[in-house]
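The lines below spell out each chain.
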Amino acid sequence: MANKYVVRYGTMRFLGEFSAKGPQEFQRGNQVVVRSHRGTEWGEILCSANERTKEYLGKEDASGKILRVAGQEDEKTRTEGWAREQESFQSGKETIAEMKVPMQLVDVERLFGGERVIFYFLSESRVDFRELVKTLAQKFNTRIEMRQIGIRDEAKLMADYGDCGKPVCCNTHLTEMPPVSMKMAKMQKASLDPNKISGRCGRLKCCLRYEYDTYESYRRELPKIGKMVLTKQGKGKVIAQEILAQKILVSFEDHRRILVDSADIITVISGGSQKTPPQEKTPPEDAKSAE
């Protein structure tokens, strides 16, 4: 029975489930040559495939096959391929300029097996690149694929490190770009300075999405700002929330402002969900008589 592994491959760092025939086992970090739906590619083993990884990848069928562990000759071929990618990028850029095609070339990917060359580009509108593809195919004598990408995909291709000091998430583990809104930044009390909450792509950082569901869940446990609450310290109005600490800042009738723990909230007086401590239930009269 074929062993299956999760492999990261391609310039866009795709993830897929690849099968390996025979008794050979692979370890995390092994560099391998694989066959994907695009052709022969260079890949890296991440882990063994199982039901959990299949659910994460969202794919039912294997993406391809692991052909072999990369050897010295493969390393040499890969290094030569990188040099050819640089040449292809420069040549492609010049051809685009000569043909006056309205696009910005971002990166070029040459598959390890040489089956195709992929040009990644930015454009504000749809581009008719049929003549460009014919010209490039004649120049490189291989199959040409043009892929229009967005500004966040450009960061995935070109960015290196984020403000946190670690490699950008889009270039490591993210398989898709999560939607991020300013509401998420406000709820987490992040700085609203665009320079501090924007990623390398210029859009809101993807990491603002990671903890949002937890913040939202914890927020529902607290009375909303503006509600009147009865606490062990008295009655007052909620003027702020400390969501992760599960506390609220209350302004009392005597003008005191106290940070109150959620456990000290007796009830919400006006609107919102009631947070009244559970009380002992009085058994019905017929139950008493039955005793």
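Everything numeric in this text was worked out from a predicted model, so none of it was measured.

What counts, and at which threshold
Residues numbered from 1 in each chain as written. Predicted model: local features only at pLDDT ≥ 70, side-chain atom pairs only at ≥ 80, totals over all residues. Heavy atoms only, no water. Helix = DSSP H or I, 4+ residues; strand = E, 2+ residues; numbered from the N terminus. Rg over C-alpha atoms; globule rule 2.2 N^0.38 Å. Buried < 20%, exposed > 50% of the residue type's maximum accessible area, 1.4 Å probe, protein only. Contact = heavy atoms within 4.5 Å. Areas by Shrake-Rupley, 256 points an atom, 1.4 Å probe, with all protein chains shown as cover. Lys, Arg positive; Asp, Glu negative; His and termini not counted. Charge placed at Lys NZ, Arg CZ, Asp CG, Glu CD. Arc of directions from axis to C-beta. Core = buried A, V, L, I, M, F, W, Y, C linked by side-chain atoms within 4.5 Å. Patch = residues over 30% accessible without salt bridge, like charges linked within 9 Å, V, L, I, M, F, W, Y side chains within 5 Å. Salt bridge = Lys/Arg side-chain N within 4 Å of Asp/Glu carboxyl O.

K.L.:
I'd like a rundown of the overall build of the protein, residues and numbers included.
P.N.:
If you tally the helices and strands in the protein, you get 8 helices and 13 strands. In terms of C-alpha radius of gyration, the protein reaches 29 Å, well past the compact-globule figure of 19 Å for 291 residues. With the C-alpha coordinates aligned to their principal axes, the bounding extent of the protein is approximately 90 × 50 × 35 Å. Evaluated residue by residue, the protein yields a buried proportion of 37% over its 291 residues. If you take every contact in the protein between residues at least 6 apart in sequence, the share linking residues at least 24 apart comes to 54%. Roughly 18300 Å² of accessible area belongs to the protein as shown, and the carbon and sulfur atoms make up 48% of that amount. Across the protein, the mean location of the 49 positive side-chain charges is 3 Å away from that of the 42 negative side-chain charges.

K.L.:
Please give an account of helix α3 (residues 130–140) that cites residues and values.
P.N.:
Leu132, Leu136 and Phe140 are the residues of α3 that are buried. Taken end-on, α3 shows its buried residues confined to a sector of 50 degrees, consistent with a single buried face. What points out from α3, more than 90 degrees from its buried face, is the exposed set Arg130 and Gln138. A positive backbone phi angle near 55 degrees is found at Asn141, which sits one or two residues after α3.

K.L.:
Just give me the short version of the nonpolar core, but keep the residues and values in it.
P.N.:
If you look at soluble globular proteins, the nonpolar side chains tend to sit buried side by side. Residues Met103, Phe119, Leu132, Leu136, Ile144 and Met146 are the most contacted members of the largest nonpolar core, which totals 14 residues. Elements represented by at least two residues in this core include exactly β6 (104–110), β7 (116–122), α3 and β8 (143–148). Sequence-distant contacts of Met146, defined by excluding residues within four places in its chain, comprise Met103, Phe119, Phe121, Phe129, Leu132, Val133 and Leu136. By size, the runner-up hydrophobic cluster in this structure holds 10 residues, among which are Ala20, Val32, Ile45 and Ile66.

K.L.:
Pulling in residues and values, what's your account of a nonpolar patch on the surface?
P.N.:
A surface patch of nonpolar side chains, amounting to about 210 Å² of accessible area, comprises Leu230, Ile266 and Ile269. Assignment of secondary structure puts Leu230 in strand β9 (residues 228–231). Given the relative accessible area of 32%, Leu230 is considered partly exposed.

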